[in-house]
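Working through the structure, step by step
In case you want the letters, here they are:
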Amino acid sequence: MTEHSPIVIVGTGLAGYSLAREIRKQNKEARIVMVTADDGVSYSKPMLSTGFTKGKDADGLAQAATEAMAEQLNLELRTYATVTGIDTDGHRLLLGDDSLSYSKLVLAWGADVIRLTIPGDGQEWVFPINDLGDYRAFRKALKSGSRVAIMGAGLIGCEFANDLRNGDYEVEVIAPSDAVMPSLLPPAAANAVQAELESLGVSFHLETLVERIEPAETGVSLFLANGETLQADIVISAVGLRPRTELARMAGIDIGRGITVNRALETSAQDVYALGDCAEVDGHVLLYVLPLMACARALAKSLTGERTQVSYGTMPVMIKTPCCPAAVCPPPVDAQGSWETEQDGTHVKTLFKNAEGDVLGFAVTGRFAVEKQALSKVVPPIHS
């Protein structure tokens, strides 16, 4: 019944469009239908934190219109279509009162921002930024000379801080951690990035959090747990992402931290796959571009007849803080060893070595950042 049904991809973000491109490299004619809850405009999500640095607004960050993508990739695009369920036995995707038959279904619907429940009446000034629509709303609300408070000092928070300073906005960063990017960077590299951001004019309020947000005469007042009160015109919430799993769970598909898939990106349901930020691949949730692209290449082969398991190379994470170029390849979670650091001010090269002296991870900042490719050849892949 489903052999003549299309390959259906849910999501038109970087994961969905990358997969469609890879499928077309393998098969020019396979029928593909893409389904999205938004307008389907092609853009690169990692570029959202570079708008001011690149001198581009939301429209400038868009790469191709919906109609152009449908024509370029020879596929059908259904926009503003909300998925309400998956009938895995009947091989049907449920879209409210409508449904769509599939031969293979790929869930590439990404992750949701973690939304903090903060007391106070100032929530309308708080903007999570997870897609181009969010970014467009933020830029519309942002006025020249605005004071911006950023909740979260992780990768996204730091990148937005640098970008907004490049746009000449006042920036305050609030986070409960004692360093920036604590889950990504070792201390020496984290301190270097923070120092350069501070030199650029970013103010940090670490080891505390926002307890209440209230309207002020202009903008909002943020009341911090350490007793400080900050004034801001607009607030970015950058406290992390959570893979979208609920509809998969409702369909009886196995989930963990993300939608559980093996190395072939197969879920527990026949002919259903998951890719990108929503997926937990062989125990790993990797919310970065390089693993996503590796998965897209492997899955495209599987969907066009050659079952292929993803094989990761070494995948350094590039941190878009132009004031302090940085890259990191974190060691495995269970690795035994220690960091060895070479440092000249905010120029840091720190290597994670085991007892035998093998390099299992690295972080580089400043002028050492150019060594990221050479170091990537030394570090073993995440898992072979």
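One structure accompanies this document, and this report is about it. For clarity, every value in this text was computed on a predicted model and none was experimentally measured. (Residues numbered from 1 in each chain as written. Predicted model: local features only at pLDDT ≥ 70, side-chain atom pairs only at ≥ 80, totals over all residues. Heavy atoms only, no water.)

Points about the pattern of salt bridges
The tally for this structure, following the rule as stated, stands at 18 salt bridges. Of the charged contacts, one joins R78 and E76 as a salt bridge, the two residues approaching to 3.1 Å between their closest N and O atoms. Judged by its relative accessible area of 33%, E76 is partly exposed. A salt bridge links E246 to R249, with the shortest nitrogen-to-oxygen separation between them at 2.4 Å. With E246 and R249 both in helix α7 (residues 246-250), this residue pair falls three residues apart, about one helical turn. (Salt bridge = Lys/Arg side-chain N within 4 Å of Asp/Glu carboxyl O. Buried < 20%, exposed > 50% of the residue type's maximum accessible area, 1.4 Å probe, protein only. Helix = DSSP H or I, 4+ residues; strand = E, 2+ residues; numbered from the N terminus.)

Observations concerning empty space enclosed by the protein
A complete count under the given rule lists one cavity of 30 Å³ or more for this structure. Reported here for the largest cavity is a volume of approximately 80 Å³. Taken together, L275, G276, D277, A279, V281, H284, L286, Y288, P291, L292, C295 and Y312 make up the full set of residues lining the largest cavity. Broken down by secondary-structure element, the contributors of at least two residues to the lining of the largest cavity are β22 (279-281) and α8 (289-303). If one sorts the elements of the lining of the largest cavity by residue count, α8 sits on top with three residues. (1 Å grid on protein atoms, 1.4 Å probe; cavity = no way out; pocket = protein on both sides within 12 Å on 5 of 7 lines; lining within 4 Å. Points joined across faces, edges and corners; volume = space filled by probe spheres on them.)

Some words on the sheet that holds strand β9 (residues 104-107)
Here we have five strands laid out as an open sheet, ordered β5-β2-β1-β9-β21, and parallel in their pairing. Among the strands making up the open sheet, the edge pair consists of β5 (76-78) and β21 (272-274). Across this sheet, the average inter-strand angle for adjacent strands is 20°, counted without regard to direction. Pairing geometry for strand β1 (residues 7-10) and strand β2 (residues 32-35), over four bridges, is parallel. Each bridged residue has a counterpart across the sheet, and for V10 the counterpart in β2 is V35. Its contacts with the sheet put α8 on β1, β9 and β21, and the angle it makes with β9 is roughly 165°. (Pairing = 2+ DSSP bridges. Axes fitted to C-alpha atoms, helices over the stretch in contact; angles between N-to-C directions. Contact = heavy atoms within 4.5 Å.)

Notes on the pairing of strand β12 (residues 147-151)
Among the five residues that make up β12, four are buried, leaving the element largely enclosed by the rest of the structure. Handedness of the β12-helix α5 (residues 155-166)-strand β13 (residues 170-175) crossover: right-handed. Two strands pair when backbone bridges link them, and β12 and strand β18 (residues 234-237) are joined in this way by four bridges, in the parallel orientation. By the bridge assignment, I150 is partnered in β18 with I236. (Right-handed = clockwise from strand over helix to strand, strands pointing away.)

Here we look at helix α6 (residues 187-200)
Taking 1.5 Å per residue, 14 residues should reach 20 Å; α6 reaches 20 Å between its end C-alpha atoms and fits that length. Inspection of α6 places A188, A189, A190, A192, V193, Q194 and L197 among the buried residues, and these make up the whole buried set. The inward-facing, buried residues of α6 abut α5, β14 (203-206), β24 (326-329), β25 (338-344), β26 (347-353) and β27 (359-365). G201 lies just past α6 and shows a positive phi near 115°. (Expected span 1.5 Å × (residues − 1).)

Here's the deal with the packing of aromatic side chains
Under the counting rule described, the total for this entry stands at four aromatic pairs. Here Y135 and F138 contribute two aromatic rings whose centre-to-centre distance is 6.4 Å and whose plane-to-plane angle is 40°, an arrangement assigned as tilted. In this pair, Y135 and F138 both sit in helix α4 (residues 132-141), three residues apart, roughly one turn of the helix. When the ring centre of F52 is taken as reference, the NZ or CZ atom of R139 above it lies at 3.9 Å. Looking at R212, its charged tip hangs above the ring of F223, at a distance of 4.1 Å from the centre. (Phe/Tyr/Trp six-rings, centres within 6.5 Å; stacked < 30°, edge-to-face > 60°. Lys NZ or Arg CZ within 6 Å of the ring centre and 35° of its normal.)

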